[in-house]
Each structure stands twice: as structure tokens, then as C-alpha cells.
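Analysis of the macromolecular model
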Amino acid sequence: MSCSCQTEEKAAIQRVSTETQISALEELINRYKGVEGSLISVLQGIQEMYGYLPRPVLEYIAKRLDIKKARIYGVATFYAQFRLTPVGKHLILLCQGTACHVNGADKIEAALCDELGVEMGGTTENRLFTLTEAACLGCCSLAPVMMIDGQAYGPLTPDQARKVIRGILKQEEQSREEVGA
Amino acid sequence: MIVRIGLSSCGIAAGGLLVKEALAFAFEEEGLGWELQQTGCIGMCHYEPLVDVIHQDGSINTYGNVTVDTAREIVVAEMSGAALEKYRIATDREPNDCLAGQVRIALRNCGIIDPESIRDYTDRGGYQALQKALTRMTPQQVIEEIKISGLKGRGGAGFPTWFKWNATRQEPGDIKYLICNADEGDPGAFMDRSLLEGDPHAVLEGMIIAGYAIEATSGIVYGRAEYPLAIKRLGKAIGQARAQGMLGNKIMGSKFSFDISIKQGAGAFVCGEETALIASLEGERGMPRLKPPFPSQRGYWDKPTNINNVETLANVPWIIANGGESFAAMGTADSKGTKVFALAGRIKRGGLVEVPMGMPLREIIYGPGGGIKDDKRFKAVQLGGPSGGCIPEALLDTPVDYQSIKNTGAIMGSGGMVVMDETTCMVDLARYFLNFTQDESCGKCVPCRIGTKRMLEIMERLCAGEGQPGDIELLEMLGQQIMEGSLCGLGNSAPNPVLTTIRYFREEYETHIHDKKCPAKQCKALITYHIEADKCKGCTLCAKKCPVNCISGEAKKPHVIDQNLCTKCGTCLEVCPSKWSAVSVS
């Protein structure tokens, strides 16, 4: 049920989406269309599908849900959870909570930045890792702690943090070899 | 035999799932028909993964720091009817020291029941309080019981719970909402996460009773996106409660209908403030507004709304079941009942503890907490997170009750208790908290938005060794103005960490400003690392590990740090073998 005025936006989302993503997006829109106060849930749904909030998708839902683009951008930039740029395959959340801070989270950060060759917030060139901060993961007795793909690691030393990254890299290489073979 | 394993976030992070697999594998290999159960967090997080072996006669052996290998050893030992002494940390008759002095009301089921089983919850008396309320009490009587109990909000502000309920109840209107604030944003606090992961039905039962008391039509849990396991278990619990008739139409055959849904927050500390939370629930930017009207008058979608914290609600079923007077019998004149604290930081035994109100801070830190890590010297304890303050050693005998804590300049807060030793720089810590609140300021009030920024700039200057005379006074003045000129609790309390550290650790600020030194040796700009030539044996370890290759020297000869290249990461100090301790900081 798309009208002609939406074709331009639709073409734009097709450039950043797979077929499955498009059908999931339509499902999301239908679920929340007309449901008041659901913008945050919609954005969470999009981020779950894409890993971030692609601009063409935001412009598309603005039209479909009849929400002003400025409002969507306002909400998307207000909350820490939302990202406007793509992330790597593995998302590293380094906890910045108080317990982690007093237990040397800065040293873990330095080790991770060095190991990955990125700054805080950055994504590695091979798009495998994105390093970001989390206000607090709530695993304070494991401080300092980081979470990768939902799994928490702690208490960490700089060396252990490097080892975790190398372990994931090794797995990636192995699975690539298997695919190649 | 039942083998129970702690699988809350901390248990899983410590490797609990692997241990569970190893246990299941060992049962199969040995042909044992033992039952494997999961449970939530008992609070002894530093011993995770934790495994309980429950024998036929009811006796229990508890094992700590279980690994995949020890899991098997434990099974083998228990098969022959013996305990594996070296890993056993407690039995049912001799509880671990961590539990000494604790009184578990809110955490009554955590670490005991399977949080994903409603049957486990009802077997321990769950939902009986709800039945009592629905069949034998009027909503007014429920509120009266809560009033007698003296329960105050456990989320931070400490407002009497009955008063809020009553205010919402008295508002006219057919539609009213009950909201559970589960957006635990205070860094260093994890009480609510553990409760939701360990005993979600207790929170639900509390919500349903509260809903009945205020005559609410529906309930919403505002959960935290960073707590996926808590959200998952709560969702499962809601499904089970619905299936058993504890939620939905005509609950337990009464006339009361009520249902609960979950909405996930998206990460904003300010959403702990009630009006900001409501804005966020409505899909907007979470910005607070002026009160009145209070949420009890005009809240979610402008309807009367009552908001309670997770721990507050978890206490409710216990109070209804045991009577308000039993709850009020614990604690002090002004603060009744118990309080859950999340012990973390430079402490030996981090974890969750629930103690009667009024217990001195010292008893908590040196009792269940086990004292300071590496037997270093206690310096301060931080209560209340970014809105709270630091309490120094001289005030360590302060009892934990709302008023006594407030008198120190800190706040009770939600229960985060971060312990610091001599290696923590109080100026850096205050900078850390201010950085947090500055980042989380929603930007609505100018004093908060710009004032915290200016304060942060000064704090960064101090830590960089560029402090100027007069900075302390400027911080105090700005802090006062921000507190007076901001609308919500975030701005009203953002300067607290700075003001309390100035109050109790002024010399440390002065040393940063006048001597350009950091007594705790934490502020990188104010310290240098040296290798003492007479102690260095030239093992080359530091040179190998230095991330910027700024250490040079031949093998078996003293090494030297190039101060121009050194990033002061401290790696050399960490790796230098303790028998030589050749690296020093000044």
C-alpha cells in the first residue's frame, strides 16, 4: 500500500537494505502505525535489524509513520543506545562505571585501542570490531569489565583484554578458512 | 540430589554457562539422575560461578569459583558422599561470612529459586500476599499497611511509598497507571538488575498489589536496554503470571483487572527522574518538566500515574504477607526495614548485601564486604552515584539511614556503594562523576547544561596539572548555583561529588593546584615512572611489554624510561616482578 510520493524514499532504502530487512521493516511499520508514543520502540527495532539507524530508513519511516524528521533525529541523538553510523561485526562495550573506573578501566581502554588500532568509538578497517563505551554494565563485582556481543568479560587485565580480541580474531580466521575450503 | 548453579549476568560473565554444560556432561557420563537447576544471584558475586549441591536430607554444600574442571571434581566427590573441601565456601549450617549480618527481605528468593519458574516462587509463598490483599483487604487497607511499615522509595529520593500511592488513588479518573522504574542508570549499582534476574515474580507481585491499592488499570515496567537478561526473565514471568490468572481480567477471581507490559528505555540517566521517564515512555526525548502537576495528578498520557522503584516493589509482598509492623520493627526511627547495597570498587568481596537500615557503614564494608582489597588503607566510600557524595574514614561509623547519610553531604541513593582506597584520586573521581552528569544532562536548564561543562573544564585542568589558585572557590560557587538553578534531581545533585570531595579532601585539591602533585599517583600529567638502577636486574620484561617502546637497556643491565615518549600507562610497574619492584612512581 505505498503511494507514489514514497517511491523516492523506497528506492533509497533499497540501496541500504536486503529483501529480508525490507519485509521486516514493513512488518515493524505495520505493528506501530498509529500506536502513539512508539517512536523509541520503532528505532530500537530498526537498530536491531541494521545494527545502526541508516538515514534513508529514518527518512522512510518519517513518511510512513507521519513523524517529522527533526523529531526522529532529536530522539535518535538523545539516547545513548542509538547509533547513526554502521558498526563492526563485533560490538565491544567497555564499561565506564564507577567500579570499573577505580579498578583501572582506562588501562583496558588503552590496551583495546592499541590492539584494535582505533580510538574509542571507532570501527576497525576490516569492519570486524567497533569499540564503544557503556555507562555501566551492572557487573560491578567483575570490574573492570567489557561486553562483546552480549557476553561479559571480567575482571580484565590489559593483557586479558587483548587475548579476548585475539581469540575472536582467530575464530573469524578459522571460519573464513572453512568457507574458503 | 539437586545441583543448583547461579546464572544471573555476573554468574554467566564468570563462565556459569560453561560450568552448567560441564555439570550436565558429568551427570550423563556418570549416569546420574541428578537434577540441574538454575538460580539468580545470591550476592556473592566475587565467588561466581557458584554451585550448590543440595542433598536428599536438605543439607547443602556451596562451592565457589567453580570452573569446568572443578565442576567434574565436585560431581565425583559428591557421588561418593564427600564434599570437595578445597572449593567449598559454605554449607547450609555454616553460611559464608558474606551473609553474616544480612537480613534478606527484598532478596528473599534470590539465589534460591529458579527465576524462570513460577512454581518455585509460589512454593516459597509467592502470590499469597496478592491473594490476601485481593480477598481480605480493601485498597485503603493495603495503603494503610504500607504506611505502618514505613517503607520509603528505594530508588534514591526516599519518599514515603504510601503517600505516593494514596495521592494517585485519590485522583479522579477511570484510567490510572502504575510504572515500575527499572532503568537503573547509576554507575556502580546493580541491585535492580539482580532482583529482576533473580526473582522477577516478586517485583510483579509488588506491582499488582500496588496496582490494586491505587486502582490502576495497567502497569508498565520501564526497563534498561543494557539489561537484556533481566528483560527476558521478566517477560517470561509476565507470561507465566498471565497463564495462571495473576494478571489479566478478574485476577484470582476478584473484581480487579490489571495487566503489565515492558517498555525498554534507550539509555539516558536523566530518565530516572519521573517526568523524564514519562516523556521517554511516550516516545519522546527524556526531558523533565516542572512539578506540579505531579505524576500522581498528570503523568503518563496525562493520567494519574504512580512510579515506584524495583526494590521498593519487591518489598511490598513481604510487607503485606508479614504485616507492616514486622517491617517497621527493623531499621531506625526514620528509616524502616532493610536496604540492598551493591558493594563494588576496591573491596575484597564485591556483591549484593541486604542489611537492616541503621547498620554503620564500617560494619557493611568490613563485614559482608570483607574489607579493602590487597589490605590497602580505606580512603572513602561513595554513596548515591553521580548524585551522591564521598564519605571519608572519619565518618565511617555513620549509620546507613536516610537522614544520617544526608547529613554527610552524600545521599542514600539507590544503593551503589563504591569503596575507594589510597590509590584512588578524589579529584579524578569527582572529575569522573562530573563527566558523567555533564554527558547525561538533558540540556533543558542552562545552569545544568553549561554550568556542569564549566565545572568539568576546571576539574580537567586540575587533573592536568593546570589548576589555578581560586579554582576551588569557583567550583563551590558554580556548584551552588547549578543546584539552585536546575529543574530536576540531576542538576540539583550533579555538583555533589565535587562539593563533598572538596569538603572532606580539600588538601588533595590544594596539592593538585599548588604543588602540581597527585598524592594517589593517578593523574597522569602529574606523575612520572622511573626505573631504579640499583634494583633493576635487566630482565627486559618491561621493555617487551611497553606499548610505546620507550624503555631501553641491554639484557641483565638496568633499563631506562624515555620520559618524552612515556604515556604513563603503568604497564612497566605492573609487569616488573615483585621480587625486584624496580619501577617507582613519583
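Below is a short write-up of the structure. Worth saying up front: this structure is predicted, and the values here are computed from it rather than measured. (Residues numbered from 1 in each chain as written. Chains lettered and ligands numbered in written order. Predicted model: local features only at pLDDT ≥ 70, side-chain atom pairs only at ≥ 80, totals over all residues. Heavy atoms only, no water.)

1. Some points on the overall build of chain A
Scanning chain A from N- to C-terminus turns up 8 helices and 4 strands. Listing each helix as α and each strand as β along chain A from the N terminus yields α-α-α-α-α-β-α-α-β-β-β-α. For the C-alpha atoms alone, the extent of chain A along its principal axes is close to 55 × 45 × 25 Å. Going through the 181 residues of chain A one by one, you find that 52% of them count as buried. Summarising the internal contacts of chain A: among those between residues at least 6 apart in sequence, 62% fall at separations of at least 24. Carbon and sulfur atoms make up 49% of the accessible area of chain A, which amounts to about 9200 Å² in all. (Helix = DSSP H or I, 4+ residues; strand = E, 2+ residues; numbered from the N terminus. Buried < 20%, exposed > 50% of the residue type's maximum accessible area, 1.4 Å probe, protein only. Contact = heavy atoms within 4.5 Å. Areas by Shrake-Rupley, 256 points an atom, 1.4 Å probe, with all protein chains shown as cover.)

2. Considerations on the overall build of chain B
If you tally the helices and strands in chain B, you get 22 helices and 18 strands. By its C-alpha atoms, chain B is 85 × 70 × 40 Å across when sized along the principal axes. Across the 586 residues in chain B, those meeting the buried criterion constitute 61%. Sequence-distant contacts, at least 24 apart, represent 70% of the contacts inside chain B between residues at least 6 apart. For chain B, the exposed surface amounts to about 22500 Å²; the carbon and sulfur share of it is 50%.

3. Describing the packing of aromatic side chains
On inspection of all chains with the given rule, the structure shows 13 aromatic pairs over all chains. Measuring from ring centre to ring centre gives 5.0 Å for A:Phe78 and A:Tyr79, while their planes differ by 75 degrees; the resulting arrangement is edge-to-face. Accessibility expressed as a relative area gives 16% for A:Phe78, which makes it buried. Aromatic rings pair up to connect A:Phe78, A:Tyr79 and A:Phe82 into one cluster. Taking the ring centre of B:Trp162 as reference, the NZ or CZ of B:Lys147 above it sits at 4.3 Å. The residue whose ring lies beneath B:Arg224 is B:Tyr227, and the NZ or CZ to ring-centre distance is 4.9 Å. (Phe/Tyr/Trp six-rings, centres within 6.5 Å; stacked < 30°, edge-to-face > 60°. Lys NZ or Arg CZ within 6 Å of the ring centre and 35° of its normal.)

4. Things to note about the sheet that holds strand β7 (residues 218-223) of chain B
Residue and element names in this part refer to chain B. On the basis of which strands lie adjacent, the open sheet formed by 4 strands has the order β8-β7-β6-β9 and parallel pairing. Every interior strand has two partners, whereas the edge strands, β8 (259-264) and β9 (305-309), have only one. With direction set aside, neighbouring strand axes in the sheet form an average angle of 25 degrees. Two strands pair when backbone bridges link them, and strand β6 (residues 177-182) and β9 are joined in this way by 5 bridges, in the parallel orientation. Note on β9: the bridge partner recorded for isoleucine 179 is isoleucine 307. Of the strands in this sheet, β7 and β8 are in contact with helix α10 (residues 228-243), which crosses β8 at around 165 degrees. (Pairing = 2+ DSSP bridges. Axes fitted to C-alpha atoms, helices over the stretch in contact; angles between N-to-C directions.)

5. Brief notes about the pairing of strand β1 (residues 90-95) of chain A
All names here are of chain A. With 5 of its 6 residues buried, β1 lies for the most part within the structure. Of the pairings in the sheet, the one linking β1 to strand β2 (residues 129-134) comprises 6 bridges and is parallel in character. Looking at β2, one finds that leucine 93 is bridged to threonine 132. One ladder, built from 3 bridges, connects β1 with strand β3 (residues 146-148); its direction is antiparallel. Paired with leucine 93 across the bridge in β3 is methionine 147.

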